[in-house]
Amino acid sequence: MRARDKVTVRVLRSALAALDNAEAVPVAESELRGVALEHSPVGAGAAEVARRELNEHNIVNIVRAEAKERLDAAAELTSLAHTDRATELRAEAAVLFRFLDDAI
């Protein structure tokens, strides 16, 4: 990271955000509406719940899906005006695959 590799930093931040989102606990639709203000939780952390814990298999699948998403997007960019973006997406996918190879 000290080399300021912008592509690596950007893709790792994105992958970490995807992992963070995967740890979020889904909220039932019934919990989203119909709660009166006087019945709502009060105080710091009153409404927090424990996040899901991902195992190594889940993490690898999420990172692999992030890489595949970039490759699919790059494949869809076929016009000459988008070749730079397609190249960036392929480079980002390569970074993710490199980290997957290191983890295995």
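Thresholds, definitions, all that
- Residues numbered from 1 in each chain as written.
- Predicted model: local features only at pLDDT ≥ 70, side-chain atom pairs only at ≥ 80, totals over all residues.
- Heavy atoms only, no water.
- Salt bridge = Lys/Arg side-chain N within 4 Å of Asp/Glu carboxyl O.
- Helix = DSSP H or I, 4+ residues; strand = E, 2+ residues; numbered from the N terminus.
- Buried < 20%, exposed > 50% of the residue type's maximum accessible area, 1.4 Å probe, protein only.
- Axes fitted to C-alpha atoms, helices over the stretch in contact; angles between N-to-C directions.
- Parallel < 35°, antiparallel > 145°, perpendicular 65-115°, else oblique.
- Left-handed = near helix turned anticlockwise from the far one by under 90°.
- Contact = heavy atoms within 4.5 Å.
- Nonpolar A, V, L, I, M, F, W, Y, C, P; charged D, E, K, R; others polar.
- pLDDT = per-residue confidence, 0-100.
- Core = buried A, V, L, I, M, F, W, Y, C linked by side-chain atoms within 4.5 Å.

What follows is about the pattern of salt bridges. Counted according to the given criterion, the structure contains 8 salt bridges. Measuring nitrogen to oxygen at the nearest pair gives 3.0 Å for the salt bridge that ties R51 to D20. Of this pair, R51 sits in the loop between α2 (29-32) and α3 (56-76) while D20 sits in helix α1 (residues 6-23), placing them 31 residues apart in sequence. On the basis of relative accessibility, which here comes to 40%, the residue D20 falls in the partly exposed class. Note that R70 and E92 form a salt bridge whose closest N and O atoms lie 2.8 Å from each other. One end of the pair, R70, is in helix α3; the other, E92, is in helix α4 (residues 83-103), with 22 residues separating them in the sequence.

Below, the discussion takes up the packing of α1 against α3. With their axes 10 Å apart at the nearest point, α1 and α3 run at an angle of 130 degrees to one another. Looking at the two axes, α1 sits oblique to α3. Handedness of the α1/α3 crossing: right-handed. Contact with α1, carried on its side by V11, S14, A18, L19 and A22, involves I59, I62, E66 and R70 of α3 and no other residues of that element. Taken together, the residues that form the contact of α1 with α3 break down as 6 nonpolar, 1 polar and 2 charged.

Here the protein averages 83 in pLDDT, while 74% of its residues score no lower than 70. Model confidence for the protein, summarised as mean pLDDT per element, is weakest for α2 at 55 and strongest for α3 at 94.

This next bit is on the nonpolar core. Residues V11, A15, V60, V63, A67, A93, V95, L96 and L100 constitute the largest nonpolar core, which totals 9 residues. Looking at this core, the elements with two or more residues in it are α1, α3 and α4.

Checked against the element boundaries, E23 lands in helix α1. Since its relative accessible area comes to 26%, E23 is described here as partly exposed. In the structure, E23 is positioned 27 residues away from A50 in sequence and 9.3 Å away in space, judged by C-alpha atoms. Aside from chain neighbours lying at most four places away, what touches E23 is R51, R52 and L54.

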